[in-house]
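Below are the chains, spelled out letter by letter.
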Amino acid sequence: MGIPTVADRIAQEVARRYLEPILEPVFHPDSYGYRPGKSAIEAVRTARERCWRYDWVLDLDITGFFDSIDWELMLKAVHQHTDCPWVLLYIERWLKAPVQMEDGSVVPRTAGTPQGGVISPLLANLFLHYAFDAWMARTFARIPFERYADDIICHCKSAEEARALWGAIADRFAACKLVLHPQKTKMVYCKDVNRRGDFPNIHFDFLGFQFRARKIMWVKADRRIFAHSFQPAASPKALTRISRDIRSWALHHRSDKSLTELAQMYNPCIRGWITYYSHFYKTQLRPTLKRIDAYVIRWVRRKFKRMRHQTKGARDWFDRLRRSNPTLFAHWALCHGNGRTSGAV
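What you are looking at is a predicted structure, and each value in this text was computed from that prediction instead of being measured. (Residues numbered from 1 in each chain as written. Predicted model: local features only at pLDDT ≥ 70, side-chain atom pairs only at ≥ 80, totals over all residues. Heavy atoms only, no water.)

**Description of the overall build of the protein**
Scanning the protein for helices and strands turns up 12 helices and 9 strands. Based on the C-alpha atoms only, the size of the protein along its principal axes is roughly 70 × 55 × 35 Å. The proportion of buried residues among the 345 residues of the protein is 47%. Of the roughly 17900 Å² of accessible surface on the protein, a fraction of 52% belongs to carbon and sulfur atoms. Counting 55 positive and 34 negative side-chain charges, the protein places the centres of these two groups 11 Å from one another. (Helix = DSSP H or I, 4+ residues; strand = E, 2+ residues; numbered from the N terminus. Buried < 20%, exposed > 50% of the residue type's maximum accessible area, 1.4 Å probe, protein only. Areas by Shrake-Rupley, 256 points an atom, 1.4 Å probe, with all protein chains shown as cover. Lys, Arg positive; Asp, Glu negative; His and termini not counted. Charge placed at Lys NZ, Arg CZ, Asp CG, Glu CD.)

**A look at the sheet that holds strand β1 (residues 56-60)**
Strands sit in the order β4-β5-β1-β6 across an open sheet of 4 strands; the sheet is antiparallel. At either margin of the open sheet sits one strand with a lone partner, and together these are β4 (145-148) and β6 (186-189). Averaged over all neighbouring strand pairs, the angle between strand axes comes to 20°, with direction disregarded. Strands in contact with helix α2 (residues 40-53) are β1, β4 and β5 (151-156); relative to β4, the strand with the most contacts, it is inclined by about 160°. On top of the sheet, helix α6 (residues 120-139) reaches β1, β4 and β5; it is set at about 175° to β4, its chief contact. (Pairing = 2+ DSSP bridges. Axes fitted to C-alpha atoms, helices over the stretch in contact; angles between N-to-C directions. Contact = heavy atoms within 4.5 Å.)

**Points about a positive patch on the surface**
The grouping of Lys184, Lys237, Arg241, Arg244, Arg247 and Arg291 at the surface amounts to a positive patch. If you tally residues by element for the positive patch, the top one is helix α8 (residues 236-249), at 4 residues. For Arg241, a relative accessible area of 42% gives the class partly exposed. (Patch = residues over 30% accessible without salt bridge, like charges linked within 9 Å, V, L, I, M, F, W, Y side chains within 5 Å. Salt bridge = Lys/Arg side-chain N within 4 Å of Asp/Glu carboxyl O.)

**Some thoughts on unusual backbone geometry**
Look at Ala149: it is not a glycine, yet its phi comes out positive at around 55°. With respect to the secondary-structure elements, Ala149 resides in the loop between β4 and β5. Here Lys177, not a glycine, exhibits a phi torsion of approximately 65°, which is positive. Secondary-structure assignment places Lys177 in the loop between α7 (159-175) and β6.

**With respect to the packing of α6 against α7**
Between α6 and α7, the shortest axis-to-axis distance is 10 Å and the interhelical angle comes to 135°. Classified by the interaxial angle, the pair formed by α6 and α7 is oblique. α7 is crossed by α6, and the crossing has right-handed handedness. Two secondary-structure elements touch here, α6 through Tyr130, Ala131, Phe132, Trp135, Met136 and Arg138 and α7 through Leu165, Ala168, Ile169, Arg172 and Phe173. Taken together, the residues of the contact of α6 with α7 sort by class into 9 nonpolar, no polar and 2 charged. (Parallel < 35°, antiparallel > 145°, perpendicular 65-115°, else oblique. Left-handed = near helix turned anticlockwise from the far one by under 90°. Nonpolar A, V, L, I, M, F, W, Y, C, P; charged D, E, K, R; others polar.)

**Looking at a nonpolar patch on the surface**
A surface patch of nonpolar side chains, about 630 Å² in accessible area, is lined by Val6, Ile10, Val14, Tyr18, Trp86, Leu89 and Tyr90. Elements with a contribution of two residues or more to the nonpolar patch: α1 (6-23) and α5 (85-96). By the element assignment, Leu89 lies in helix α5. We classify Leu89 as partly exposed; its relative accessible area is 38%.

**Details of the packing of α8 against helix α9 (residues 259-277)**
A pair of packed helices can be characterised by two numbers: the angle between their axes and the separation between those axes. At their nearest, the axes of α8 and α9 sit 12 Å apart, and the two run at 170° to each other. Looking at the two axes, α8 sits roughly antiparallel to α9. Taking contact as the criterion, the partners of Ala238, Arg241, Ile242, Asp245, Ile246 and Trp249 in α8 are, on α9, Tyr266, Cys269, Ile270, Trp273 and Tyr277. A per-class count over the contact of α8 with α9 returns 9 nonpolar, no polar and 2 charged.

**Some points on the environment of Ile152**
Here Ile152 is to be found in strand β5. Between the C-alpha atom of Ile152 and that of Leu289, which follows or precedes it by 137 residues, the distance is 29 Å. In contact with Ile152, not counting residues within four places along its chain, are Leu58, Asp59, Leu60, Ile62, Phe132, Glu146, Arg147 and Phe173.

**Side note on α7**
With 17 residues, α7 extends 25 Å between its outermost C-alpha atoms, agreeing within 8% with the 24 Å of an ideal straight helix rising 1.5 Å per residue. Among all positions in α7, only Ala159, Glu161, Ala162, Leu165, Ile169 and Phe173 are buried. Take α7 and look down its axis: the buried residues cluster within an arc of 145°, on one side only. Of the exposed residues in α7, those oriented more than 90 degrees away from the buried face are Glu160, Asp171 and Ala175. With its phi angle positive at about 65°, Lys177 sits one or two positions after the end of α7. (Expected span 1.5 Å × (residues − 1). Arc of directions from axis to C-beta.)

**Some points on the packing of aromatic side chains**
Under the definition given, this model contains 23 aromatic pairs. When the centroid spacing of 5.1 Å and the interplanar angle of 80° are considered together, the rings of Trp56 and Phe199 count as edge-to-face. Here the residue Trp56 occupies a position in strand β1, and Phe199 occupies one in the loop between β6 and β7 (204-206), the gap between them amounting to 143 residues. You can call Trp56 buried: its relative accessible area is 9%. Between Phe204 and Phe211 the ring centres are 4.7 Å apart and the planes differ by 5°, which places this aromatic pair in the stacked class. When its relative accessible area of 0% is taken as the criterion, Phe211 is described as buried. Above the face of the Tyr54 ring, Lys157 is positioned so that its terminal group lies 4.4 Å from the ring centre. A cation over a ring is seen here: Arg214 above Tyr281, with NZ or CZ 5.6 Å from the ring centre. (Phe/Tyr/Trp six-rings, centres within 6.5 Å; stacked < 30°, edge-to-face > 60°. Lys NZ or Arg CZ within 6 Å of the ring centre and 35° of its normal.)

Written as structure tokens, this is what we have:
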């Protein structure tokens, strides 16, 4: 992570606004990261639909991508789209600028574009457009993919096709001075009820969602029908991060605040999680978000002396509170209301 100075941030924003309208029409439609009109949810939705049609996924992981971008190749890509002297001059300076560490020492750099720079996402997209997107369109046009910055998954019909693609991409990236992570890059069998076989990898993570076979339910002619389908839901890693954030709030220690004030403090974060992760299989969020309720119960036991030794009394108080004010905390409608997952989710 590298944070530019204020003056550089302003200059990078000017350069980004100059380049983005030039580059946007060139970029591949399956490149979703940091682009106007594109989103991570759109990438996940497209990946889900393709996993239903293709049996295999090649999950790519580039080792230290932002730190590995070759400056010469990067500047060559920029030259393809502009000959504006000041844009070329400043981009070269930003790429090659040393980094000042916390102790004040200045460390030179030999490659990469620091994450945190305003223009870095655009330059990263441009680099991977030539290193991957355009190359895939030329060489493996029949194989669809989704790319969000350096997170890439490719869809293949067979294990043999996925294995051959893996080798070809490794060679291509080597020519572009990039390296695939040998452990994190993997072939995944998109197994559901209609597909057979035992394989070591039957799930993968993409943009905070874990794709795997899941039980789904939908209603038809007043009957509940259950089946299995390869679906995304909030990944275990994402849920762990949410749990860690909830714990860091130490809500039960905030006895100086009213419950309404606490809800106002934390609801924006809770709504953000729900807005993002409830697009697919939203019930996966329930157990994690219900941890907030446990902290609320601990909060009331600390705040009011009469509740300190009344575990059941505190829980009964919480149930009454939730029924009388069901929108106080943003997650209550999902966790305690009708948040069922259907086949259309």
